[in-house]
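So you can see what is in the structure, the chains are spelled out below.
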Amino acid sequence: MPLFSHENRDRNPETRRVYALFELVYTFVDFAAAVCFTIGSVMFFRDSLMTVATWFFTVGSVFFMAKPTLRLVRELKLAAMGDADDLADRYQS
């Protein structure tokens, strides 16, 4: 099955569980990035907090960078799980 195909996540209970777990992590990372950017933005109003604000932006950027990485890892894992199913079907025939 191709990557990012909806069929990959609905193949069996294990693929649905893996997909749900990755969605929870993805949502946490997305939320954490937004919180870091919001806090950093507010801190930029005070000159004395400029360095800390920059760190919040840096950490938020790392979270944003993790999002596509999580999606790719999820899809590769789901695709690999499908390969095992395909192999089992071939040997049962």
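Naming follows an unreviewed UniProt entry, where the protein chain appears as YrhK family protein of Ponticoccus litoralis.

## Thoughts on the side chain of Lys67
As for its placement among the helices and strands, Lys67 is situated in helix H3 (residues 50–92). Residue Lys67 is classed as buried on the basis of its relative accessible area of 14%. A polar side-chain atom of Lys67 sits 2.8 Å from a polar atom in the side chain of Asp30. The residues contacting Lys67, other than those within four sequence positions of it, are Tyr26, Val29 and Asp30.

## Considerations on the UniProt feature "transmembrane region" (unreviewed entry) in the protein chain
When the UniProt feature table is mapped onto this chain, "transmembrane region" (unreviewed entry) is found at residues 21–43 and 49–66. For residues 21–43, helix accounts for 100% and strand for 0%, while the C-alpha atoms at its two ends are 33 Å apart. This span, residues 49–66, is 94% helix and 0% strand, and a straight line between its end C-alpha atoms measures 26 Å.

## Notes on the nonpolar core
Core analysis: the largest hydrophobic core is formed by 8 residues, namely Val18, Tyr19, Phe22, Tyr26, Val29, Leu70, Leu78 and Met81. Counting residues per element, the ones that place at least two in this core are helix H2 (13–43) and H3. Element by element, the count of residues in this core is highest for H2, at 5 residues. Among residues more than four places away in sequence, those in contact with Tyr26 are Lys67, Leu70 and Arg71.

Conventions used here
In this numbering scheme, every chain counts its residues from 1 along its sequence in written order. Note on the predicted model: pLDDT of at least 70 is required for a residue's local features to be given, and 80 or more for side-chain atom pairs to be given and counted; whole-chain, interface and lining totals, by contrast, use all residues. Only hydrogens and water are set aside when side-chain values are computed; all heavy atoms of the structure are taken into account. Numbering of helices and strands starts at the N terminus; helices are DSSP runs of H or I of at least 4 residues and strands are runs of E of at least 2. To sort residues, take the accessible area from a 1.4 Å probe on protein chains only and compare it with the maximum for the residue type: under 20% means buried, over 50% means exposed, and anything in between is partly exposed. Throughout this description, a polar contact denotes any pair of N or O atoms lying within 3.5 Å of each other; where both atoms belong to protein, one of them has to be capable of donating a hydrogen while the other can accept it, and for residues adjacent in sequence the pair is counted only when both atoms sit in side chains. Two residues form a contact once any of their heavy atoms are found within 4.5 Å. UniProt positions are given in the numbering used here, feature names are shortened, and annotations may be inferred rather than shown by experiment. By nonpolar core we mean a set of buried residues, namely Ala, Val, Leu, Ile, Met, Phe, Trp, Tyr and Cys, connected to one another through side-chain atoms within 4.5 Å.

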